[in-house]
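The primary structure of each chain is shown beneath.
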Amino acid sequence: MVNEQIRQNKESWNAVAHHFHGIDALPHYGPFAQTEDELGLFGEMRNKKVLEIGCGSGHSLRYMREKGASELWGVDLSDEQIIAAKEILQGAEDKLFCAPMENEIGLPKEYFDYVYSIYAIGWTMDLSATFKLIHSYLKKGGVFIFSWDHPVYAHLKSQNGRIYLDDSYLKEEIQTYENFKGEDASLFIRNRMFSTYINELIQAGFAIDKVIESEVSTDYDFMKEEESERYYSLYKARRFPATMIIRAVKKQC
């Protein structure tokens, strides 16, 4: 069943990839979220080896190159995203792979200084397998940083200025998005509680270094706050964090 869901997600992401060109990429951590310039979670990147899980159109990897990273590696489920990333990066030495993040594809072990994922990790159909693989890629003391929808935000709706819980937060069920982004595309995603992400990181062998329920970035201070029923809106994000950002470290021993 999981393999079929991954196959369907791959097909659908190929159809909708053009909607996400350069969207949710570093230095931004997600919709309305604080930026890397505000948070400083990576630190000095010069000569660091980095791997991005869900590299999309390659904009975050390009940011890493600009910061001085010595090796850029990326994995994405979508062929179309990998094509876009190659065009953005234009580096023969960059290593990009079209594959599910849940699968072992022969990436080097204990090799990377940083593994990161910007608004992609929640698409995994097997969070435990994904975190264990990421742990295996990192050097001892290496850092894993990811951002994703705040797990409660996914259940919030806004109507007539009132924000309310629309469904049970406790149900970790697979949800299906039909006609995603108006395309003939169906995508599967599993709702998870905040504690599930934390506990799976611990089970994989990580030490949690920082958990951020992101405030709205100062980049949006110029925008007028208006009531909105859209999923991502400044009105909602100023009242409840749209994004969670977690920094975890591979233990030294």
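A few points on the structure. (Residues numbered from 1 in each chain as written. Predicted model: local features only at pLDDT ≥ 70, side-chain atom pairs only at ≥ 80, totals over all residues. Heavy atoms only, no water.)

1. Observations concerning unusual backbone geometry
In this chain, L26 is followed by P27 through a cis amide linkage whose omega measures 10 degrees. Tracing the backbone shows P27 in the loop between α1 (2-16) and α2 (36-39). Within the chain, N160 stands out as a residue other than glycine whose phi angle is a positive 50 degrees. Inspection of the secondary structure assignment puts N160 in the loop between β6 (156-159) and β7 (162-165). Exposure remark for N160: the relative accessible area of 67% places this residue in the exposed category. Even without being a glycine, K181 presents a positive backbone phi close to 55 degrees. You can see K181 is positioned in the loop between β8 (174-177) and β9 (187-190). (Helix = DSSP H or I, 4+ residues; strand = E, 2+ residues; numbered from the N terminus. Buried < 20%, exposed > 50% of the residue type's maximum accessible area, 1.4 Å probe, protein only.)

2. Quick look at the pattern of salt bridges
By the definition in use, this model includes 15 salt bridges. Between R7 and E4 there is a salt bridge, with the nearest N and O atoms lying 2.7 Å from each other. A residue pair is termed a helical-turn pair when its members lie 3 or 4 positions apart in one helix, as R7 and E4 do in helix α1 at three residues. For R7, a relative accessible area of 38% translates into the label partly exposed. In this structure, the salt-bridge partner of R239 is E225, at a minimum N-O distance of 2.6 Å. Taken as a pair, R239 in the loop between α7 (234-237) and β11 (243-250) and E225 in the loop between β10 (206-213) and α7 lie far apart in primary sequence, 14 residues in all. Since its relative accessible area comes to 45%, R239 is described here as partly exposed. A residue is classified by how much of its surface remains accessible, and E225, at 33% relative accessible area, is partly exposed. Each of D221, E225, R238 and R239 takes part in one network of salt bridges that share partners. (Salt bridge = Lys/Arg side-chain N within 4 Å of Asp/Glu carboxyl O.)

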